[in-house]
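# Structural characterization, general
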Amino acid sequence: MESKVMDLRERVLREIDTEYSCNLAKKMEQFRSHPVLGYRPAGSRAEFETGEFLVREMQKIGLSDVHKDAVTVDGWEFHRASLSYYAAENEKVAVELGAYQTTFFTDGEKPFSLVYLGKGTAADYEGRDVRGKLVLVEINQRDEWWINYPVYQAYLKGAAALIAVQSGGYGEVDEEALNAQDIAGPEDAPAFSISRKDAAGLLKLLEKEEELSVTFDADTRVRRNCTTYNIAGSIPGEHPERMVLLSAHYDSYFSGFQDDNTAVAMMLGIARAFIKMGYQPENTWVFCAMAAEEWGIADSKYDWSTGAYAEVFNVHPEWAGKVIGDFNFELPALSNGNLDGIRCTYEYKDFFEDTLKTLPALSPAYPEGVLVSAPIETWSDDFSVAISGIPSMVNEFSAGSFMTTHYHSQYDSDEYYNEAAYRFHHELYGLLLMHLDRQSVVPLNFAEVFEQASASLDVLMCQKSGSRVTALLNLLGQTEEVAEEVYDRIY
């Protein structure tokens, strides 16, 4: 049996083709709503065309039951946003802007007054009339506040729209970097993004006068309650009542090469490798390209991962109890240094740590190995999947500098493609998938769940309310011991 497993592992490693995956990730860039900047947002024509492309690709590599699951989201079409003005010596300057998920349509070039208001706080507006004007502000969304706060302040003051430049936090790779994030606010409070270089030209002129005459041309529209599609295909298993889910999102800001074209392509690259070797899984493997991960609900703080949420709560609520694990992928062709990571729900932490010790040598990419962490975070689709009752994981992607330099900017391109990391992740998750599939009993260890429950218990509050806190702590401790014993017996 051991020699058979080793042979299967070697065959998987031989069949992996990262050139196929990389080329597929590049092909996804052809679908865009903005002719220059890209963008493939929720519910857009570009997202739909990408989904149709993925249907054809899934069929081409031999996945079974390829289909589209319709889900309802708030959609966004962003086609253009440009600003022009006259600088010294009557020189006309044209500026390309990014946008946030809001509605602003000028129907061609229109004149506006532009004013600068610092960080866009209420105090910055004192004594200033901005009604019908464009407001330029500088913000740092990592260290200060999110885009929705200065945007809504501008809206309350009657501004036509807000234009934000990132003064650190995101898009730090280049002075020309634009940035995009989820708006976390209403669609009728318009917002746009400008690079530090282009903002500097405007600020230089605004040092001499309070307002600047500009021309603005924008077409960005939010559409409520529109239909988009999660794209799924499968490799049927011997026991179809149990499933393993693989997921990645295909909507994007800009070209989205790392985030998340390479993840969708890796997911299909893994499927292709197993299909080519004729592997028959024990459980049915479902490969799902999720829509509307970056954004999908207007006027909400919880506006991301809506495609995945709809898939597991509305389209397939029966997956909870059938899917024994979700492998979610984000930015897998990016290297974050010498140490790789897997972030998972508590109950899978021991399984991944134990399995990593048994794997053969993989392509060299991370000399310090792989660190398993728990619990998952809210950054990606695995969170929506996990709260439905499906134990989930994601490759660690948020630890490196990429998040402050290239993330959600036009510099998320194949220029920063790391083939070694990409191949390593194909190999790692292909082998982990096969190993999980071959388990007779789902290898969940709930011991740390009860340990964390004990640690988070507010003993003082329990005592004040008259709760039997000592008895509860003892029960949690006993349950933790039982959970550990059960895991030791099944794995």
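One structure accompanies this document, and this report is about it. All of these numbers come straight from a predicted model, not from anything done at the bench.

## Some words on the overall build of the protein
Regarding its fold elements, the protein presents 14 helices and 15 strands. For 491 residues, the compact-globule estimate of 2.2 N^0.38 gives 23 Å, and the protein sits close to it at 25 Å. Expressed as lengths along the three principal axes of its C-alpha atoms, the size of the protein is roughly 80 × 65 × 40 Å. Per-residue burial over the protein gives 57% buried out of 491 residues. Summing over all exposed atoms, the protein offers an accessible surface of approximately 20,200 Å²; the carbon and sulfur share of this is 49%. Across the protein, the centroid of the 41 positively charged side chains sits 3 Å from that of the 78 negatively charged ones.

## Details of the packing of aromatic side chains
Under the defined criterion, the tally for this structure stands at 31 aromatic pairs. Note on Phe31 and Phe53: the rings are 5.6 Å apart at their centroids and 50 degrees apart in plane angle, and the pair reads as tilted. Taken together, the residues Phe31 in the loop between helix H2 (18-27) and helix H3 (45-61) and Phe53 in helix H3 connect sequence positions 22 residues apart. Given the relative accessible area of 11%, Phe31 is considered buried. On the accessibility criterion, Phe53 (10% relative accessible area) is buried. Plain terms: the ring middles of Phe192 and Phe216 are 5.1 Å apart, the flat faces sit at 90 degrees to each other, and that makes the pair edge-to-face. Taken together, the residues span a long stretch of sequence, with Phe192 in strand S8 (residues 191-194) and Phe216 in strand S9 (residues 211-235) at a distance of 24 residues. Both residues of the pair, Phe192 and Phe216, belong to the buried class. Clustering of aromatic rings is evident, with ring pairs tying together Phe327, Tyr348, Phe351, Phe352, Tyr487 and Tyr491. Stacked on the ring of Tyr20, the Lys or Arg Arg272 has its end atom at 4.3 Å from the ring centre.

## Side note on the pattern of salt bridges
According to the stated counting rule, one finds 19 salt bridges in the structure shown. Asp129 is the salt-bridge partner of Arg131, the closest N and O atoms lying 2.9 Å from each other. Two residues, Lys349 and Glu353, come together in a salt bridge whose shortest N-O distance is 3.0 Å. Here Lys349 and its partner Glu353 are both found in helix H8 (residues 349-356), 4 residues apart, which amounts to about one turn of the helix. A relative accessible area of 28% means that Glu353 is categorised as partly exposed.

## Side note on the pairing of strand S2 (residues 92-96)
Here S2 shows a clear split, with Val93 and Val95 buried on one side and none of Lys92, Ala94 and Glu96 buried on the other. Here 5 bridges tie strand S1 (residues 64-86) to S2, and the two strands are oriented antiparallel to one another. Directly across from Tyr86, in S2, lies its bridge partner Lys92. Taken together, S1 and the strand that follows it, S2, pair antiparallel across an intervening segment of 5 residues, in which Glu89 is found at a positive phi of about 60 degrees.

## Overview of the side chain of Glu330
Secondary-structure assignment places Glu330 in the loop between strand S12 (323-328) and strand S13 (340-344). Buried within the structure, Glu330 lacks any salt-bridge partner; its nearest side chain of opposite charge belongs to Arg40, at an N-O separation of 11 Å. Only 3.4 Å separates the side chain of Glu330 from the side chain of His249, close enough to count as a polar contact. In this structure Glu330 touches His249, Asp259, Asp260, Ala263, Glu293, Ser380, Val394, Asn395 and Phe397, once residues within four positions along its chain are discounted.

## What about a negative patch on the surface?
Taken together, the side chains of Glu481, Glu484, Glu485 and Asp488 present a region of like negative charge at the surface. On the secondary structure map, Glu484 appears in helix H14 (residues 469-490).

## As for the pairing of strand S7 (residues 161-166)
Among the 6 residues in S7, 6 count as buried, and that is most of the element. Side-chain alternation along S7 places Ala161, Ile163 and Val165 on one buried face and Leu162, Ala164 and Gln166 on a second face that is also buried. Two strands pair when backbone bridges link them, and strand S6 (residues 134-139) and S7 are joined in this way by 6 bridges, in the parallel orientation. Bridge assignment links Glu138 to a residue of S7, and that residue is Val165. With helix H4 (residues 148-156) bridging S6 and its parallel neighbour S7, the resulting β-α-β unit is right-handed. In this sheet, S8 lies alongside S7 in parallel orientation, the contact comprising 4 bridges.

## Here's the deal with the packing of H2 against H3
For the pair H2 and H3, the least separation of the axes is 12 Å and the interaxial angle reads 160 degrees. With respect to H3, the axis of H2 lies roughly antiparallel. Crossing of H2 over H3 shows right-handed handedness. Each of Tyr20, Leu24 and Lys27 in H2 lies in contact with H3, whose residues at this interface are Phe53, Glu57 and Ile61.

## A word on the packing of helix H6 (residues 257-276) against helix H11 (residues 419-437)
Here H6 crosses H11 at 55 degrees, and the two axes come no closer than 10 Å. On the basis of their axis angle, the class for H6 and H11 is oblique. By crossing handedness, the relation of H6 to H11 is classed as right-handed. Across the interface between the two elements, Thr262, Ala265, Met266, Ile270 and Phe274 from H6 touch Tyr422, His425, His426, Tyr429, Gly430, Leu433 and Met434 from H11. Its residues placed into classes, the contact of H6 with H11 shows 8 nonpolar, 4 polar and no charged.

## Quick notes on the environment of Met434
Structurally, the position occupied by Met434 is in helix H11. Residue classification places Met434 among the buried residues on the basis of a relative accessible area of 3%. A C-alpha to C-alpha distance of 9.4 Å links Met434 and Phe274, two positions 160 residues apart in sequence. Those residues in contact with Met434 that sit more than four places away from it in its chain are Leu8, Arg9, Val12, Phe274, Tyr279 and Trp285.

Conventions we followed
Residues numbered from 1 in each chain as written. Predicted model: local features only at pLDDT ≥ 70, side-chain atom pairs only at ≥ 80, totals over all residues. Heavy atoms only, no water. Helix = DSSP H or I, 4+ residues; strand = E, 2+ residues; numbered from the N terminus. Rg over C-alpha atoms; globule rule 2.2 N^0.38 Å. Buried < 20%, exposed > 50% of the residue type's maximum accessible area, 1.4 Å probe, protein only. Areas by Shrake-Rupley, 256 points an atom, 1.4 Å probe, with all protein chains shown as cover. Lys, Arg positive; Asp, Glu negative; His and termini not counted. Charge placed at Lys NZ, Arg CZ, Asp CG, Glu CD. Phe/Tyr/Trp six-rings, centres within 6.5 Å; stacked < 30°, edge-to-face > 60°. Lys NZ or Arg CZ within 6 Å of the ring centre and 35° of its normal. Salt bridge = Lys/Arg side-chain N within 4 Å of Asp/Glu carboxyl O. Pairing = 2+ DSSP bridges. Polar contact = N/O pair within 3.5 Å; in protein donor to acceptor, adjacent residues only side chain to side chain. Contact = heavy atoms within 4.5 Å. Patch = residues over 30% accessible without salt bridge, like charges linked within 9 Å, V, L, I, M, F, W, Y side chains within 5 Å. Right-handed = clockwise from strand over helix to strand, strands pointing away. Axes fitted to C-alpha atoms, helices over the stretch in contact; angles between N-to-C directions. Parallel < 35°, antiparallel > 145°, perpendicular 65-115°, else oblique. Left-handed = near helix turned anticlockwise from the far one by under 90°. Nonpolar A, V, L, I, M, F, W, Y, C, P; charged D, E, K, R; others polar.

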